[in-house]
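Residues per chain are reported as follows:
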Amino acid sequence: MLTQSSRSIDEFKYLNLLSADKSMEVDGIEGENEILYGSGRAMLYYGEIEYGNHLIDSAALRGSAIIYQNGASTNLLLGRYRSGMSYLNSAIVNGNKYSIGYKAWLMMTNLRDYEQAIILIDSLEKVDGKPTVAYAMNTTLLKGIAKRKAGRYEDALLDFDLYIIEINADNPLKIDDYVYYYKGLTYQEMGDPEKAIEEFNHFIEVYPNGPEAHYGKGNVLIEEGEIKEACKCYKIAREKIRLGYLRGFVWHEIPDQVYKSDVVEKLDLYCK
Amino acid sequence: MPNLLFKCYLSFAIISFLLGFMSCNPPDPEKQLIGKWIGFYKYRISAQSFPAIIKFNEDGTAIQFDPQTGEKEVQWDWIQDVLKVDTVDYLVSKITEDFLEVKIKELKCVFKKVKDEPQVVPISEQLDLIKENFWVRRNEYIYDNDFGVIELSKFEDDHRSFLKSYYVGAEFIFEQQERDRMTISEFDGQLFLSESDLYVGHDTTFLNLMPIEFENENTFLAWEYKQRKAFKKRFCKSTEFEVVDSSFYKCQKTYIRPYFQTNLGYKNDKPAIEEHFTDIFQKQYLETDDGYLTVLFVVNCEGKMGEFELQLFDQDFEKKEFSLDLIKDILQKTKTLNEWKVGKDSKDKSKKLDSRNHLLFKFKKGKLTELLP
């Protein structure tokens, strides 16, 4: 009667519940904190939100700021912004620098509050020194993207150029080629189609598989009345998307996310 | 004389010591075991519910019951710390008047003693009373959810149909019919309600055993044991509703994976979802409608939506009120999204899964500016 089916054993092991029980003899607060957090996280996925966060709170009170950070991440990924942000703020107050960058990223991508994202990136750079990363992206590049989205085009271009200089000085192989895509978009929005195309071409040169630049270039050419050339670009973009080269995150939309439907719509509109 | 006094004193001391020694003897654990025990929780930290009840008799027999296999008479014996019940050895770590803690290999289980109380409504009438009527249950406070919920239930043989009404404060927002798998079973003169985890395969995946207790003919309680607590679910007799077959159900009650783990999608992606909300993008609400509104929901293995939650907050992530028209419009539109690409198991693509998802609406002075994330 109290034996477990193999399915439920696998499931509970995956969710850390059995391992939590196994560690009854674990010494030290650290081990117990990991188990409390792991069980709390499992409970969140199980839909037991209150109990899950209660376990995470217990772990965080006994342990380090990183547990607040992890609690934030789990809640936010599940769309629970109130509790997630509360944990994230606790992580920051408790000295977790990484959380400042994570919050900046969230403000930018999930909440589209670009000015707040810029403020947070600046404060991270003050704490951590430059160059630094927020959520695995260079903060200079991130600031450029945020400034562009906030309509601060000149400042954005300065950051993009600074990023290129910083990375080239360190290791040119580390550069995120999408910086040229973002530069192209910025020039396009500033009403400078020549420079926009120049940047898209640069992106295509260093990363020909990126569909975004082909699509971006196509959009500029449409505005210039170059329909035939634009259609060539859209067709290349569609092919690159079909091959799986589109940049995106599984959790949320990224700034200036391009969708297959965007390209298909343009092809239907202009190229039939 | 002193000799006599000394003898009296010594006798008194000896008698006191013996009495004290006898009264300090711990109660016999085997005697404490006799009676009925119900599953309280399993696992040390997550403290999950489990569907089991055992009645130990003095003659070395016990009756086990769970909603899947029903009643079974078995033998029990207690040797040192090991309680043998049928073919299973339980290592007893603790027994008190009210609780029994055992371990089966790595698994910790705690049982709670069941006290037989007189029934207000005769057991012979209870099942009919439940099945012939409709029952309402109110859930005004739900953690981290700005919806209050009222459920109007109809219990059938192997499922419950319920009309779920969603409220913000006292204001009705919308209602939706849902279904879940439940069964009512009887053991030793008591009824139990059990929920199943899977909709298909429900009779092998029971999650709990909730004793039913009638307060009177119009109200009964179902006690859910988990997380080291007894949660009381009160059902009150209520008005009827028309049960429909096409109601929403979750293919799995627990452990519904988030959208990014099941690869849940929507036909033509986010642009199509944004287009669905065009009317709301164009509408002007109150100037005070400034902040964020999150709608959380489940998309089931058939692509239907249900189990809605709501979070309203401002730029500082503090709770905030929004106008009712706005909330109603958002929910009416959200629940009509019907072109989901159902989530799948990454290891078995043929297996369709329920998915948790959410939409975040950003409002600036009464205008919807962004649909996120």
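Residues numbered from 1 in each chain as written. Chains lettered and ligands numbered in written order. Predicted model: local features only at pLDDT ≥ 70, side-chain atom pairs only at ≥ 80, totals over all residues.

## Quick look at the overall build of chain B
1) Next: Of the regular secondary structure elements, chain B holds 7 helices and 26 strands.
2) Next: Rg of the C-alpha trace for chain B: 28 Å, well past the compact-globule value of 21 Å for 373 residues, more than 25% over.
3) Next: In terms of principal-axis extent, the alpha carbons of chain B reach across some 105 × 50 × 45 Å.
4) Next: Nonlocal contacts in chain B, meaning residues at least 24 apart in sequence, comprise 54% of its contacts between residues at least 6 apart. (Helix = DSSP H or I, 4+ residues; strand = E, 2+ residues; numbered from the N terminus. Rg over C-alpha atoms; globule rule 2.2 N^0.38 Å. Contact = placed C-beta atoms within 7 Å.)

## So, the interface of chain A and chain B
1) Next: Facing 41 residues of chain A, the contacting portion of chain B comprises 38 residues.
2) Next: Here the side of chain A that touches chain B takes 6 residues from helix α3 (residues 29-45) of chain A, the largest share from any one element.

## A word on the pairing of strand β13 (residues 182-187) of chain B
Residues and elements named next belong to chain B.
1) Next: Summarising burial for β13: 5 of the 6 residues are buried, a large majority.
2) Next: As judged from the 6 bridges shared by β13 and strand β14 (residues 190-195), these two strands associate in the antiparallel manner. What sits directly across from Met-182, in β14, is Glu-195.
3) Next: Turn length for the β13-β14 hairpin, with the two strands adjacent in sequence and antiparallel, is 2 residues, and the turn residue Asp-188 shows positive phi of about 50°. (Buried ≥ 20, exposed ≤ 12 C-beta atoms within 10 Å, placed from the backbone. Pairing = 2+ DSSP bridges.)

## Let's talk about the domain arrangement of chain B
1) Next: Each domain of chain B was delimited in the assignment, giving domain 1 (29-114), domain 2 (123-249) and domain 3 (259-372).
2) Next: Distance from the C-alpha centre of domain 1 of chain B to the C-alpha centre of domain 3 of chain B: 46 Å. (Domains from an automatic or database assignment.)

## Digging into the packing of helix α4 (residues 49-62) of chain A against helix α5 (residues 65-77) of chain A
Residue and element names in this part refer to chain A.
1) Next: Viewed as axis vectors pointing N to C, α4 and α5 meet at an angle of 160°, and their least axial separation amounts to 7 Å. Relative to α5, the element α4 lies roughly antiparallel. The crossing of α4 and α5 is left-handed. Counted together, Ile-56, Ala-59 and Ala-60 of α4 and Ile-67, Tyr-68 and Gly-71 of α5 form the full contact between these two elements.
2) Next: A breakdown of the residues in the contact of α4 with α5 according to their chemical character gives 5 nonpolar, 1 polar and no charged. (Axes fitted to C-alpha atoms, helices over the stretch in contact; angles between N-to-C directions. Parallel < 35°, antiparallel > 145°, perpendicular 65-115°, else oblique. Left-handed = near helix turned anticlockwise from the far one by under 90°. Nonpolar A, V, L, I, M, F, W, Y, C, P; charged D, E, K, R; others polar.)

## Let's talk about the environment of Ile-175 of chain A
1) Next: Position of Ile-175 of chain A among the secondary structure elements: in the loop between α10 (153-170) and α11 (178-189).
2) Next: A C-alpha to C-alpha distance of 7.1 Å links Ile-175 of chain A and Ile-164 of chain A, two positions 11 residues apart in sequence.

## A closer look at the sheet that holds strand β18 (residues 248-249) of chain B
Residues and elements named next belong to chain B.
1) Next: Read across the sheet, 10 strands follow the order β13-β14-β15-β16-β17-β9-β10-β11-β12-β18 without closing on themselves; strand pairing throughout is mixed. Two strands close off the open sheet at either side, each with one partner strand: β13 and β18.
2) Next: Note that strand β15 (residues 210-216) and strand β16 (residues 219-226) share 4 bridges and pair antiparallel. Residue pairing across strands places Phe-214 opposite Phe-220, the latter belonging to β16.
3) Next: Across the sheet, helix α3 (residues 123-132) is in contact with β10 (148-155), β13, β14 and β15; its angle to β14 comes to roughly 35°.
4) Next: Helix-sheet contacts for helix α7 (residues 324-334) involve β11 (160-168) and β12 (171-180), and the interaxial angle to β12 is about 25°.

## Considering the nonpolar core
1) Next: Membership of the largest hydrophobic core comes to 139 residues, with the highest contact counts inside it found for Ala-104 and Ala-117 of chain A together with Val-295 of chain B.
2) Next: Discounting residues that sit within four places of it in the chain, Ala-117 of chain A has contacts with Ala-104, Met-107, Met-108 and Ala-146 of chain A. (Core = buried A, V, L, I, M, F, W, Y, C linked by C-beta atoms within 7 Å.)

## Some points on the confidence of the model for chain B
1) Next: Of the residues in chain B, 96% reach a pLDDT of 70 or more, and the chain-wide mean stands at 91.
2) Next: With a pTM of 0.86, the predicted complex shows an ipTM of 0.86. (pLDDT = per-residue confidence, 0-100.)

## Digging into α4 of chain A
1) Next: End to end, α4 of chain A covers 20 Å across 14 residues, agreeing with the expected 20 Å (1.5 Å per residue, within 8%).
2) Next: Residues of α4 of chain A that are buried: Ile-49, Tyr-51, Gly-52, Asn-53, Leu-55, Ile-56, Ala-59 and Ala-60 of chain A. (Expected span 1.5 Å × (residues − 1).)

## Focus on helix α9 (residues 139-149) of chain A
Residue and element names in this part refer to chain A.
1) Next: Where burial is concerned, most of α9 is hidden: 11 out of the 11 residues are buried.
2) Next: Considering only its buried residues, α9 is in contact with α7 (97-109), α8 (114-128), β1 (133-134), β2 (137-138), α10 and α11.
3) Next: Phi turns positive one or two residues past the end of α9, at Gly-151, with a value near 85°.

## A word on unusual backbone geometry
Residue and element names in this part refer to chain B.
1) Next: Phi at Tyr-255 takes a positive value of approximately 50°, unusual for a residue other than glycine.
2) Next: One can find Tyr-255 in the loop between β18 and α4 (259-262).
3) Next: Positioned with a positive phi, Asn-268 is a non-glycine residue whose angle comes to about 65°.
4) Next: Judged by the 16 C-beta atoms lying within 10 Å of it, Asn-268 falls in the partly exposed class.

## Looking at the sheet that holds strand β2 (residues 53-56) of chain B
Residues and elements named next belong to chain B.
1) Next: The sheet built from 8 strands closes into a barrel, its strands ordered β1-β2-β3-β4-β5-β6-β7-β8 with antiparallel pairing. Ignoring which end each strand starts from, the neighbouring axes of this sheet average 35° apart.
2) Next: Two strands pair when backbone bridges link them, and β2 and strand β3 (residues 61-66) are joined in this way by 4 bridges, in the antiparallel orientation. Across the sheet, the residue bridging to Ile-54 is Gln-64, located in β3.

## Section: the packing of α8 of chain A against α9 of chain A
All names here are of chain A.
1) Next: At a minimum axis distance of 9 Å, the contact between α8 and α9 shows a crossing angle of 160°. For the element pair α8 / α9, the angle class is roughly antiparallel. For the pair α8 and α9, the sense of crossing is left-handed. Facing Tyr-114, Ala-117, Ile-118, Ile-121, Leu-124 and Glu-125 of α8, the residues of α9 in contact are Thr-139, Leu-142, Lys-143, Ala-146, Lys-147 and Lys-149.
2) Next: The residue makeup of the contact of α8 with α9, split by class, is 7 nonpolar, 1 polar and 4 charged.

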